[in-house]
Amino acid sequence: MTANRISRPIAAITESATLAVDAKAKALKAAGRPVIGFGAGEPDFPTPDYIVAAAVAAAAIPANHRYTPTSGLPELRDAIVVKTKRDSNYEITTDQILVTNGGKQAVYQAFATIVNVGDEVLLPSPYWTTYPECIKLAGGIPVTVFADETQNYLVSVEQLETARTPKTKALLFCSPSNPTGSVYPPEQVKAIGEWALKHKIWIISDEIYEHLLYDGAKAPSLPVLVPELADQMIIVNGVAKTYAMTGWRVGWMIGPKDVIKAATNLQSHLSSNVSNISQRAAIAALTGDLSAVHKMGEAFNRRRKLIVGLLNEIPGFECPMPQGAFYAYPSVKGVLGKTIRGKTPRTSTELAALILDEVEVAVVPGEAFGPSGYLRFSYALGDDDIIEGIGRIKKLITEG
């Protein structure tokens, strides 16, 4: 009887590795341990004051205490139209938008809306840990396409073509990338878009890190480079990373009108509307200027250079310089198999556990994002913690 208590699709879901690592680090901190956590992809900055003020004002308005349209407040969808034109030069209408409870819900609903049981979804690897779970919940089959550090973690059209079958329904595309911070150059973005158009493959494009770019990198929106793709593409986005609003839970989907209508029907039974207070805060975020965003970006850029430099000083670590987001993704294959304080980690999961146990630094192992042999470090934390945390790891590894 106990084996049947949980449905098979839900029982098959694995816990979010990034959130699990973050929870363990916070629990150890609460117990008084000097843990430094590189786990969660969460800016350490407070949400800008003007956004918080908009939410406080909204909380006093009785209309915000009620249900509102499932698709989102009209004012917020209007703001998303303007923002999308401003930031991406992509023209959309409000009936192409569904406001969701964070970008994660948008990802789930995108797959649930277009994927049938048995459809294959091409998933460039390393991938965000939630993508394959959402694909499987929709009845789809994730088909991973791996690009290692020698390719700067960027898959090629040739690799995608090799993985394509008659069952291929969609491609997940994320640039800048979580977990690697890699950014596809515009010519590669266009080539992938033209390939998908030729083979009538849907693209679900995650643009949540669009404003976190460095060294002159650009992350053009796919339907701008390949306009004909608009009818077979869904864009997911949100305010979480750009405006340090991870806890406010406001994301959105942009897509063809029939897809958005279907996803809205799903959400009407799933979660109704997003909190109106959060939506009002998101309006303030999207209609304000980007000065606070640029200030946070400057800090992330400084930390990016700091952490990559420190990681590459550790024997056996090899870390490409990321051009976006706030993650560093070193290969640690040069460390695996070596004995450290009497233990010999053979996988990055074992290495991450050893690092946490021995020097109280929390990192996410590569197995959460694809093959073993890698660690993900979020550098959305202070400079001093970066120096201390990476310093502890270096000391541990160099002890031999």
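Just above, that's the structure.
Residues numbered from 1 in each chain as written. Predicted model: local features only at pLDDT ≥ 70, side-chain atom pairs only at ≥ 80, totals over all residues. Heavy atoms only, no water.

**A word on unusual backbone geometry**
And then number 1: Cis geometry is found at the peptide bond from serine 125 to proline 126, where omega equals 5°.
And then number 2: Counting through the fold element by element, proline 126 comes out in the loop between strand E3 (120-125) and helix H6 (130-137).
And then number 3: Unlike most non-glycine residues, arginine 249 shows phi in positive territory, near 60°.
And then number 4: Residue classification places arginine 249 among the partly exposed positions, given a relative accessible area of 35%.
And then number 5: Residues other than glycine seldom take positive phi values, yet glutamate 360 does so here, at roughly 55°.
And then number 6: Here glutamate 360 lies in the loop between helix H13 (348-359) and strand E10 (361-362).
And then number 7: Exposure remark for glutamate 360: the relative accessible area of 15% places this residue in the buried category. (Helix = DSSP H or I, 4+ residues; strand = E, 2+ residues; numbered from the N terminus. Buried < 20%, exposed > 50% of the residue type's maximum accessible area, 1.4 Å probe, protein only.)

**Observations regarding the state of the cysteines**
And then number 1: For the structure on display, the rule yields zero disulfides.
And then number 2: With no disulfide of its own, cysteine 134 lies 13 Å from the sulfur of cysteine 174, the closest cysteine sulfur.
And then number 3: Relative accessible area serves as the criterion here: at 5%, cysteine 134 is assigned to the buried category.
And then number 4: Free cysteine cysteine 319: the closest other cysteine sulfur is in cysteine 174, separated by 17 Å.
And then number 5: On the basis of relative accessible area, cysteine 319 is assigned to the buried category, the value being 6%. (Disulfide = S-S within 2.5 Å.)

**Thoughts on the pairing of E3**
One face of the sheet, then the other: side chains in a regular strand alternate in exactly this way.
And then number 1: Of all six residues in E3, six are buried, a share of seventy percent or more.
And then number 2: A two-sided burial pattern is seen for E3, the buried positions comprising Glu120, Leu122 and Pro124 on one face and Val121, Leu123 and Ser125 on the other.
And then number 3: The sheet contact formed by E3 and strand E4 (residues 141-146) spans six bridges and is parallel. Residue pairing for E4: leucine 122 is matched across the bridge by valine 143. (Pairing = 2+ DSSP bridges.)

**Some words on the packing of aromatic side chains**
And then number 1: The final tally for this structure, using the stated rule, is 13 aromatic pairs.
And then number 2: With a centroid separation of 4.9 Å and 45° between ring planes, the pair formed by phenylalanine 173 and tyrosine 184 is classed as tilted. Of this pair, phenylalanine 173 sits in strand E5 (residues 168-174) while tyrosine 184 sits in the loop between E5 and helix H8 (186-198), and the two are 11 residues apart along the sequence. A single burial state applies to phenylalanine 173 and to tyrosine 184, both of which are buried.
And then number 3: The interplanar angle of 85° and the centroid separation of 5.6 Å between the aromatic rings of tyrosine 209 and phenylalanine 326 together place this pair among those described as edge-to-face. On the criterion of sequence distance, the pair formed by tyrosine 209 in the loop between strand E6 (202-206) and helix H9 (222-225) and phenylalanine 326 in the loop between helix H12 (291-311) and strand E9 (327-328) is long-range, its members being 117 residues apart. The burial state of tyrosine 209 is the same as that of phenylalanine 326; both residues are buried.
And then number 4: Three or more aromatic residues joined by ring pairs form one cluster here, namely Phe45, Tyr209, Phe300, Phe326 and Tyr327. (Phe/Tyr/Trp six-rings, centres within 6.5 Å; stacked < 30°, edge-to-face > 60°.)

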